[in-house]
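In case you want the letters, here they are:
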Amino acid sequence: MPINKRKVQEINAGSMADIAFLLLIFFLVATTMNVDTGLSRILPAMPDENQKQKDMDIKERNLMPVFVNTFDQIMVGREPIDITQLTEKVKEFILNPTDDPNLPEKEDTQIDMPDGSKWVYPVSKGIVSLKNDRGTSYKAYIMVQNELTRAFNEVRDQVARAKFGVEFADLPEDQRAVVQKAVPLKISEAEPRNVGGK
Amino acid sequence: MKKKGDKSLPPISTASLPDVIFMILFFFMVSTTMRDQEVKVKAKLPDATEVQKLEKKSLVSYIYIGPPVESQQKQWGTAPRIQLNDSFRSTQDILEFVASERDKLNESDRAAMTICLKADENTRMGIVTDVKQELRRANALKISYAASKSLGYK
């Protein structure tokens, strides 16, 4: 029987690069690289419909009403202010450094530290209440939300530096939770009036 | 005089070219995510300085709000609309949308589901508020207002 003595021909790998290029181009087109960034918020749960809605009692000194109107103008309390002043205003509201009787009260709270000890910190009872009109532009709304977040972040940084000696962002997870408890992000969004009322 | 190169230079071997390309390919496969839907609205995100990265893309569902892109304007007009998945919807459909998105996730992940609101910066808050109310009704409380990172305001 004749044996085929010819060697099996090697497969030409010259087009391998082309195939790889095709795949590469496919992935370049079909995928995205951008990372989504945004301001995270937790919405309040919808109140039970059967339950009668009860107004929460909050002392006036503990509440900071922020209102953004149709023309994107900002009002805090009863005075109109500029967006650049908002952060300082909120920081002063959260910290109340001089124990002003018109600014929020503080309540000494025990916070569990990750190493097992307790830390007593006067947690502010202040709540920032954000209200907007249906005609407010989304841009202005995000700008205000951003300023509020910035104020809280700066206060957290301050607390973190005083307590742990580093910025809030550089803290490990467990210590960060402690600072978050000491400076809770309290932004309440008022129940919109004209939704569901029709 | 020197002997003129009667031996011409051997051609550069391209045998490793496929390996190089495959490496680039793997880099892209790992570092990118699939484009999952076509965006039919123009959503120029507002700027913010305090933004956080959205972790775990698989847990994030998107709601787009904004005026339709030019090719869609003939059919849908220029007023801001809500896009869920691949089509324009109204606020009443959000309940269903959230339910179906939640069904896609593992039971253990359902509590961590995040809704990312991608709204155009020129939309009015009225439509955004409506969406937020629907999300509260659907019990999807973790939301994120998409914004692009900027270094500060002018």
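See the structure above.
Parameters and conventions
- Residues numbered from 1 in each chain as written.
- Chains lettered and ligands numbered in written order.
- Predicted model: local features only at pLDDT ≥ 70, side-chain atom pairs only at ≥ 80, totals over all residues.
- Helix = DSSP H or I, 4+ residues; strand = E, 2+ residues; numbered from the N terminus.
- Rg over C-alpha atoms; globule rule 2.2 N^0.38 Å.
- Buried ≥ 20, exposed ≤ 12 C-beta atoms within 10 Å, placed from the backbone.
- Contact = placed C-beta atoms within 7 Å.
- Axes fitted to C-alpha atoms, helices over the stretch in contact; angles between N-to-C directions.
- Parallel < 35°, antiparallel > 145°, perpendicular 65-115°, else oblique.
- Left-handed = near helix turned anticlockwise from the far one by under 90°.
- Nonpolar A, V, L, I, M, F, W, Y, C, P; charged D, E, K, R; others polar.
- Pairing = 2+ DSSP bridges.
- Core = buried A, V, L, I, M, F, W, Y, C linked by C-beta atoms within 7 Å.
- Expected span 1.5 Å × (residues − 1).

1. A closer look at the overall build of chain B
Argument step 1. If you tally the helices and strands in chain B, you get four helices and nine strands.
Argument step 2. Along the chain direction, N to C, the helices and strands of chain B fall in the order α-β-β-β-β-α-β-β-α-β-α-β-β.
Argument step 3. What you see for chain B is a C-alpha radius of gyration of 24 Å, clearly larger than the 15 Å of a compact globule of 154 residues, by over 25%.
Argument step 4. Burial analysis of chain B (154 residues in total) assigns 27% to the buried set.
Argument step 5. Long-range pairs, those at least 24 residues apart, make up 76% of the contacts in chain B between residues at least 6 apart in sequence.

2. Here's the deal with the packing of helix α3 (residues 94-104) of chain B against helix α4 (residues 125-137) of chain B
Residue and element names in this part refer to chain B.
Argument step 1. At a closest axis distance of 9 Å, the pairing of α3 and α4 adopts a crossing angle of 50°. Classified by the angle their axes make, α3 and α4 are oblique. Note that α3 runs across α4; the crossing there is right-handed. In this structure, α3 uses I94, L95 and V98 to contact α4, whose residues at the interface are V131, E134, L135 and R137.
Argument step 2. Taken together, the residues of the contact of α3 with α4 sort by class into five nonpolar, no polar and two charged.

3. Notes on the sheet that holds strand β4 (residues 74-76) of chain A
Residues and elements named next belong to chain A.
Argument step 1. What the five strands build is an open sheet, ordered β5-β4-β3-β8-β9; its pairing is mixed. Edge positions in the sheet fall to β5 (79-81) and β9 (187-189), since each has one partner strand and no second. Within the sheet, the average angular offset between the axes of one strand and its neighbour, ignoring direction, is 30°.

4. Some words on the nonpolar core
Argument step 1. By size, the foremost hydrophobic cluster in this structure holds 54 residues, and its most contacted members are V144 of chain A together with I63, I65, L117 and A147 of chain B.
Argument step 2. Beyond its immediate chain neighbours, meaning those up to four positions away, A147 of chain B contacts T37, G38, L39 and I142 of chain A together with L45, P46, D47, A48 and V51 of chain B.

5. Some words on the environment of K118 of chain B
All names here are of chain B.
Argument step 1. As for its placement among the helices and strands, K118 is situated in strand β7 (residues 114-119).
Argument step 2. Each C-alpha atom, one on K118 and one on I65, is 6.1 Å from the other, the two residues being 53 residues apart in sequence.
Argument step 3. Setting aside residues no more than four positions away along its own chain, K118 makes contact with A43, L45, Y62, I63, Y64 and A146.

6. Describing the sheet that holds strand β3 (residues 52-53) of chain B
Argument step 1. The mixed open sheet is built from seven strands, whose spatial order is β3(B)-β2(A)-β8(B)-β7(B)-β4(B)-β5(B)-β6(B). The two strands at the open ends of the sheet, each matched to only one other strand, are β3 and β6 (87-89) of chain B.
Argument step 2. Pairing geometry for strand β4 (residues 60-66) of chain B and β7 of chain B, over six bridges, is parallel. If you follow I65 of chain B over to β7 of chain B, its bridge partner there is A119 of chain B.
Argument step 3. Strands in contact with α4 of chain B are β4, β5 (81-84), β7 and β8 (142-146) of chain B; relative to β4 of chain B, the strand with the most contacts, it is inclined by about 150°.

7. As for the environment of N122 of chain B
Argument step 1. Tracing the backbone through its elements, the reader meets N122 of chain B in the loop between β7 and α4.
Argument step 2. Separated by 76 residues in sequence, N122 of chain B and P46 of chain B place their C-alpha atoms 8.7 Å apart.
Argument step 3. Excluding residues within four positions of it along the chain, N122 of chain B makes contact with S137 and K139 of chain A.

8. As for helix α3 (residues 138-164) of chain A
A turn of α-helix holds 3.6 residues, and therefore any two residues three or four places apart point the same way.
Argument step 1. The terminal C-alpha atoms of α3 of chain A lie 37 Å apart, and with 27 residues this matches the ideal 39 Å at 1.5 Å per residue to within 8%.
Argument step 2. Directly beyond the C-terminal end of α3 of chain A, a positive phi value near 85° is found at G165 of chain A.

9. Remarks on α4 of chain B
Argument step 1. Over its 13 residues, α4 of chain B runs 18 Å from end to end, which matches the ideal 18 Å to within 8%, given 1.5 Å per residue.
Argument step 2. For α4 of chain B, the complete set of buried residues consists of M125, V128, D130, K132, E134 and L135 of chain B.
Argument step 3. Where α4 of chain B is buried, its residues contact β8 (127-132) and α3 of chain A together with β4, α3, β7 and β8 of chain B.
Argument step 4. In the stretch just after α4 of chain B, N139 of chain B is the one whose phi turns positive, near 60°.

10. Description of the interface of chain A and chain B
Argument step 1. Taken residue by residue, the interface counts 42 residues in chain A and 48 residues in chain B.
Argument step 2. Elements with a contribution of two residues or more to the side of chain A that touches chain B: α1 (16-30), β1 (31-32), β2 (37-42) and α3 of chain A.
Argument step 3. Class assignment of the residues belonging to the side of chain A that touches chain B gives a composition of 22 nonpolar, 14 polar and six charged.
Argument step 4. As judged from the two bridges shared by β2 of chain A and β3 of chain B, these two strands associate in the antiparallel manner. In the strand pairing of β3 of chain B, G38 of chain A is matched with Q52 of chain B.

11. What about the pairing of strand β3 (residues 63-68) of chain A?
All names here are of chain A.
Argument step 1. With burial as the criterion, only one face of β3 is covered, namely that bearing M64, V66 and V68; the residues L63, P65 and F67 on the opposite face remain uncovered.
Argument step 2. Pairing analysis gives six bridges linking β3 to β8, with the strands arranged parallel. By the bridge assignment for β8, F67 is matched with K131.
Argument step 3. Examined bridge by bridge, β3 and β4 share three bridges and lie antiparallel to one another. In the sheet register, V68 faces β4, and the bridge partner there is I74.
Argument step 4. Counted between consecutive antiparallel strands, the loop separating β3 from β4 contains five residues, among which D72 sits at a positive phi close to 60°.

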